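Each chain is listed here by its residues.
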Amino acid sequence: MLKVLALPQHYSQQWRDYYQLTKPKVVALLVLTAWVGMMLAQPGLPQFGLMIAATLGIGLLSAAAAAMNHIVDQRIDAQMARTYNRPVARGRLSTQQAVKFSLLLAGTGFLLLFIAVNPLTAWLTLASLFGYAVVYTMFLKRATPQNIVIGGLAGAMPPLLGWTAMTAEVHAHALLLVMIIFTWTPPHFWALAIHRRDDYAKVNMPMLPVTHGIEFTKSAIFLYTLVLFLVCLLPYLVGMTGAVYLVGSTVLNLGFIWYAWQLKFNAKPETAMATFKFSIWHLMVLFLLLLLDHYWLISAL
Ligand code: HEM
Ligand SMILES: CC(C)=CCC/C(C)=C/CC/C(C)=C/COP(=O)(O)OP(=O)(O)O
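- In the nomenclature of an unreviewed UniProt entry, the protein chain corresponds to Protoheme IX farnesyltransferase from the organism Rheinheimera tangshanensis.
- Listed under Subcellular location (unreviewed entry) in UniProt, the entry text for the protein chain is "Cell membrane".
- Per its UniProt entry, the protein chain bears the Function (unreviewed entry) comment "Converts heme B (protoheme IX) to heme O by substitution of the vinyl group on carbon 2 of heme B porphyrin ring with a hydroxyethyl farnesyl side group."

Quick look at the structure:
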């Protein structure tokens, strides 16, 4: 009787572990930025079927990349307080199970994009997976404090992937959206890395607060938020967006700069994590604003 009752619980735990392997909240935000790329690629609404296929394909390949990161990093994950309970690090899923799962996701996602969307998007998304799971996770992360600056390019790609899914072309406006996420990534990650500095030092990861110290990292975060403010003006300056975006993005960026300033000059123990959490809201609301602005602008024409 007990065994019968225990069986479903075992399966539901295993599903939860596979789900956790995909870094679902990160993938959700990546997919949101890809959607914005899809919607901004044309004046009206995107073709529904194409949008579903592109969403699934980009989502599956991103989830596969996240699962591969769990496999490659299992040893260091097992030693850090933030990550020790991850499914592969803890041994609840074997490396073999995780490898099969990630290959299944990657294969399905690539085929879906190649067949139902277009080959350009399929190859660019696969290149992003390679950039994150191989170039960043296997090499850069362990090699240089600039790891996340360079590696951040993979995570910044989804708006371009969404755009090419609709048009099969690399458009300069899509590259501006990539630039925004590229510039946002260092302050996003370094705020967390300040809070988790000792964890990273323990496993010898050359993250900026470990190699250059916390004060240097805080200055870098502050400078990046200033650059991000300027980069976020570009879509308005080239006529891609209107006043709704300009006002919203200015408020959001002043908020980010304020957090970075507090972190540098008036930090409390919780300021680094508060800055990290704000970075996630900042990017989410910024991309929702791009959508709002796009349809506002169209309806005003
Ligand atoms: C190289 C680039 C990046 C690095 C190194 C990085 C690093 C991190 C780390 C270490 C966490 C904490 C995860 C955890 O506690 O489990 C995190 C959380 C998060 N990141 Fe990033 N990130 C990067 C790029 C991105 C991008 C491009 C996005 C989305 C567009 C993103 C969205 C998120 C979200 C939504 C969370 C919160 C996840 C949660 O609460 O479970 N990140 N990031
Ligand atoms: C196809 C495509 C768009 C791929 C991009 C994939 C992707 C999941 C990007 C997000 C970047 C991210 C969460 C980095 C953290 O890795 P970390 O190893 O530094 O953090 P961790 O210690 O939490 O694992």
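That covers the picture; the talk isn't over yet.
### Here's the deal with the overall build of the protein chain
Right, on to step 1. Check the secondary structure of the protein chain and you find 15 helices and zero strands.
Right, on to step 2. Taking 2.2 N^0.38 as the reference for a compact globule, 301 residues should give roughly 19 Å; the C-alpha atoms of the protein chain span a radius of gyration of 20 Å, in line with that estimate.
Right, on to step 3. For the protein chain, buried positions account for 52% of its 301 residues.
Right, on to step 4. Intrachain contacts of the protein chain at a sequence separation of at least 6 include 75% that bridge at least 24 residues.
Right, on to step 5. With an accessible surface of roughly 14400 Å², the protein chain has 71% of that area assigned to carbon and sulfur atoms.
Right, on to step 6. Taken as two groups, the 19 positive and 9 negative side-chain charges of the protein chain have centres that lie 9 Å from each other.

### A few points about the layout of surface pockets
Right, on to step 1. A volume near 1400 Å³ is recorded for the largest pocket.
Right, on to step 2. The wall of the largest pocket is formed by 49 residues, among which Lys23, Val26, Tyr132, His188 and Phe276 lie closest to the centre.
Right, on to step 3. Among the secondary structure elements, those contributing two or more residues to the lining of the largest pocket are α2 (24–40), α3 (48–72), α7 (119–143), α8 (147–156), α9 (158–167), α10 (172–195) and α15 (271–300).
Right, on to step 4. Looking at which domains feed residues into the lining of the largest pocket, each of domain 1 (19–168) and domain 2 (171–300) gives three or more.

### Describing unusual backbone geometry
Right, on to step 1. Positive phi values are uncommon outside glycine, yet Ala168 reaches one of about 60°.
Right, on to step 2. Structurally, Ala168 is set in the loop between α9 and α10.
Right, on to step 3. On the basis of relative accessible area, Ala168 is assigned to the partly exposed category, the value being 41%.
Right, on to step 4. One non-glycine residue, Asn204, lies in positive phi territory at about 60°.

Criteria and thresholds
- Residues numbered from 1 in each chain as written.
- Chains lettered and ligands numbered in written order.
- Predicted model: local features only at pLDDT ≥ 70, side-chain atom pairs only at ≥ 80, totals over all residues.
- Heavy atoms only, no water.
- UniProt positions renumbered as here; feature names shortened; annotations may be inferred.
- Helix = DSSP H or I, 4+ residues; strand = E, 2+ residues; numbered from the N terminus.
- Rg over C-alpha atoms; globule rule 2.2 N^0.38 Å.
- Buried < 20%, exposed > 50% of the residue type's maximum accessible area, 1.4 Å probe, protein only.
- Contact = heavy atoms within 4.5 Å.
- Areas by Shrake-Rupley, 256 points an atom, 1.4 Å probe, with all protein chains shown as cover.
- Lys, Arg positive; Asp, Glu negative; His and termini not counted.
- Charge placed at Lys NZ, Arg CZ, Asp CG, Glu CD.
- 1 Å grid on protein atoms, 1.4 Å probe; cavity = no way out; pocket = protein on both sides within 12 Å on 5 of 7 lines; lining within 4 Å.
- Points joined across faces, edges and corners; volume = space filled by probe spheres on them.
- Domains from an automatic or database assignment.

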